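Fold and geometry: a report
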Amino acid sequence: MSFTSLVFIPFLFTSFLLYYTLKKPYRYYVLFLINILFLLTYLKINIVIISIFTIFSYFIGILIEKNKKNLFLGIFSIVLFFVILKYYNFFDKNFIVPIGMSFYSFKIISYFIDLSRKKIKAEKSFIYFFNYITFFPTLLSGPITRFNKFNESIKSSEFNYIKIRNGAFLCACGIFEKVVISDFFGIIVYNIFSNEKLTGSFTILGILLYAFQIYLDFDSYSNIAIGVSKMFGVDCGINFKTPYLSSNIKEFWRRWHISLSSWFKDYVYIPLGGNRKSKSSKNWNTIIVFVLSGMWHGSTLNFLIWGLGHGLLLVLEDSILSKFKLNKTFNLLFKIIGIFLNYIFVSVLFVFFKFEKFSDAFRTLKNVFIPMNFDYTLINLNGREWNWFIILICFMIIIEICRYFADMTSLIGKQFVVIRWVIYICMIAIFIVFGIYGLQYNPADFIYKHF
């Protein structure tokens, strides 16, 4: 069940009513059933696999609390299951990787490690633990929540109108972002890369726009997931914070897929030694983290290149920036230049993220240098659609700048009711007129759902 499918809204509304109609002790059983029903809307094998993961992890967690020497057994088993299921399609192209496995595997590993560090206690209720692993808003593509934060949120949750209203609005913003903007950009990207005759300026537009599309696609998913979680009393934090306004790669990774970045930092980078040892050790730790990140995303050479590329850029950037100290006069200019350069570097690396084969990615980058006059009609756009595309780009830049300085959901939530409803009505009108939906629309294609 996709978040943008027609059945999701009634499913969410019914689940919400049932959850808050019952008293607290019974809510967790209702949530248990809701999570199972959500899973059953996908291939039935998914509920079998996630149940095996959850039952195994539940009992291993109890063993780790008794003796942290069992930590190795727990992590090794989860990683082994993950690698087999994640990379089996390398041998069998018809094999479909189970949904959400990359994300709930990381939830389980963080749970094991936090138990061994005595940061949390093993959950004795299987229902509570199952709800943590399978919590439906974050199941498919995160954010990756930590057990203690989820547990505290779910156990202390009360009906709070302001939080629920803000969560519902954030959810609506995510659906708007996906259906009105991301999917429209996706059509243009598809039209460019599906036609091998388009080169030069078309390829440049495709590369730069794909980076924007994947951000909007995943940010929209995260906003829906975080918004729905808020409606059920769970605080997932934020997962994206205007990453394309970052002036360097290090800042980019503090703002992009924050739950994944923080997971790798806490459970891989710091245990490896972080930056506490020599400079060379720090550089190797950085590269290892990003290579693992690339392998986590997929089994092809291109994902390895994508991860390694980011790791090498971070190491190179750290070596260069450590030698410069700019005064305040040049800070703003340096940041603006940095934002443009950073976006170009990230966009180029996303080419390897998009294409499964190295030859396709290499051909795309090579096409940049083959000149071709630009004509938007060659990518199946008419004048009105091209103008709408320009308006959307300008709109998103303005929104991103606003989001850089303020939490827009909270800011709008504090406005007078008339102003809020004017914004709501405008969003609904734009959604109806410009949204990509209808009988031919495939609502399942959130890009990150495949990782």
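A quick note: this is a predicted structure, and the numbers were derived from the prediction, not measured.

Observations concerning the overall build of the protein
- Helix and strand counts for the protein come out as 19 helices and zero strands.
- Against the compact-globule benchmark of 22 Å for 451 residues, the protein has a radius of gyration of 23 Å, which places it among compact chains.
- In terms of overall dimensions, the protein has C-alpha extents of about 65 × 60 × 55 Å along its principal axes.
- In the protein, which comprises 451 residues, the proportion classed as buried is 52%.
- Relative to all contacts within the protein whose residues are 6 or more apart in sequence, the contacts with residues 24 or more apart total 77%.
- Split by element, the accessible area of the protein, about 22,300 Å² in all, is 70% carbon and sulfur.
- Looking at the protein, you have 45 positive and 23 negative side-chain charges, and the mean spots of the two groups are 8 Å apart.

Describing empty space enclosed by the protein
- The full count for this structure, using the stated rule, is two cavities of 30 Å³ or more.
- Forming the boundary of the largest cavity are I192, F193, N195, E196, L198, T203, R363, T364 and N367.
- Counting only elements with at least two residues in the lining of the largest cavity, the list comes to α9 (161-193) and α16 (358-367).
- Take the lining of the largest cavity: its biggest share by element is three residues, from α16.
- Tallied by class, the residues present in the lining of the largest cavity amount to three nonpolar, four polar and two charged.

Things to note about unusual backbone geometry
- Geometrically, the link from G142 to P143 is a cis peptide bond, its omega value of 5° lying close to zero.
- As for its position among the elements, P143 is in the loop between α7 (136-139) and α8 (147-156).
- Notably, T242 is not glycine yet its phi reads approximately 40°, a positive angle.
- Considering the arrangement of structural elements, one finds T242 in the loop between α10 (201-231) and α11 (249-255).
- Judged by relative accessible area, T242 falls into the buried class, the value being 1%.
- In this model, N380 sits at a positive phi of 60°, which is unusual for a non-glycine residue.
- As for its position among the elements, N380 is in the loop between α16 and α17 (383-405).
- The exposure class of N380 is exposed, given its relative accessible area of 57%.

Some words on the packing of helix α2 (residues 24-40) against helix α3 (residues 45-66)
- At their nearest, the axes of α2 and α3 sit 8 Å apart, and the two run at 135° to each other. One finds that α2 runs oblique with respect to α3. Two secondary-structure elements touch here, α2 through I36, L39 and L40 and α3 through N46, I47 and I50.
- Among the residues forming the contact of α2 with α3, the class breakdown is five nonpolar, one polar and no charged.

Description of the packing of aromatic side chains
- Counted according to the given criterion, the structure contains 71 aromatic pairs.
- A ring pair is formed by F374 and W386, whose centres lie 5.3 Å apart and whose planes are at 45°; its orientation type is tilted. Here the residue F374 occupies a position in the loop between α16 and α17, and W386 occupies one in helix α17, the gap between them amounting to twelve residues.
- Residue classification places W386 among the buried residues on the basis of a relative accessible area of 17%.
- Taking 5.1 Å as the distance between ring centres and 80° as the angle between the ring planes, the aromatic pair formed by W421 and Y424 counts as edge-to-face. Placement of the pair is W421 and Y424 together in helix α19 (residues 417-434), with a separation of three residues, close to one helical turn.
- When the ring centre of Y19 is taken as origin, the NZ or CZ atom of R27, which lies over that ring, is 5.7 Å away.
- If you follow K107 out to its NZ or CZ, it ends over the ring of Y132, 5.3 Å from the centre.

Considerations on a nonpolar patch on the surface
- A cluster of nonpolar side chains, namely L272, W284, I288, L292, M295, L301, L304, F358 and F362, defines an oily patch on the protein surface of about 820 Å² accessible area.
- Those elements that place two or more of their residues in the nonpolar patch are α13 (279-297), α14 (301-321) and α16.
- The element best represented in the nonpolar patch is α13, accounting for four residues.
- Along the chain, W284 falls in helix α13.

Concerning the layout of surface pockets
- Of the voids in this model, the second largest pocket is the one considered here, and its volume is about 1,200 Å³.
- Around the second largest pocket, the lining is made up of 49 residues, and of these L170, C173, D407, M408 and T409 lie nearest the centre.
- Broken down by secondary-structure element, the contributors of at least two residues to the lining of the second largest pocket are α8, α9, α10, α17, α18 (408-413) and α19.
- Broken down by element, the lining of the second largest pocket gets its largest block of residues, ten residues, from α9.
- Partitioned by chemical class, the residues of the lining of the second largest pocket number 27 nonpolar, 13 polar and nine charged.

The rules behind the values
- Residues numbered from 1 in each chain as written.
- Predicted model: local features only at pLDDT ≥ 70, side-chain atom pairs only at ≥ 80, totals over all residues.
- Heavy atoms only, no water.
- Helix = DSSP H or I, 4+ residues; strand = E, 2+ residues; numbered from the N terminus.
- Rg over C-alpha atoms; globule rule 2.2 N^0.38 Å.
- Buried < 20%, exposed > 50% of the residue type's maximum accessible area, 1.4 Å probe, protein only.
- Contact = heavy atoms within 4.5 Å.
- Areas by Shrake-Rupley, 256 points an atom, 1.4 Å probe, with all protein chains shown as cover.
- Lys, Arg positive; Asp, Glu negative; His and termini not counted.
- Charge placed at Lys NZ, Arg CZ, Asp CG, Glu CD.
- 1 Å grid on protein atoms, 1.4 Å probe; cavity = no way out; pocket = protein on both sides within 12 Å on 5 of 7 lines; lining within 4 Å.
- Points joined across faces, edges and corners; volume = space filled by probe spheres on them.
- Nonpolar A, V, L, I, M, F, W, Y, C, P; charged D, E, K, R; others polar.
- Axes fitted to C-alpha atoms, helices over the stretch in contact; angles between N-to-C directions.
- Parallel < 35°, antiparallel > 145°, perpendicular 65-115°, else oblique.
- Phe/Tyr/Trp six-rings, centres within 6.5 Å; stacked < 30°, edge-to-face > 60°.
- Lys NZ or Arg CZ within 6 Å of the ring centre and 35° of its normal.
- Patch = residues over 30% accessible without salt bridge, like charges linked within 9 Å, V, L, I, M, F, W, Y side chains within 5 Å.
- Salt bridge = Lys/Arg side-chain N within 4 Å of Asp/Glu carboxyl O.

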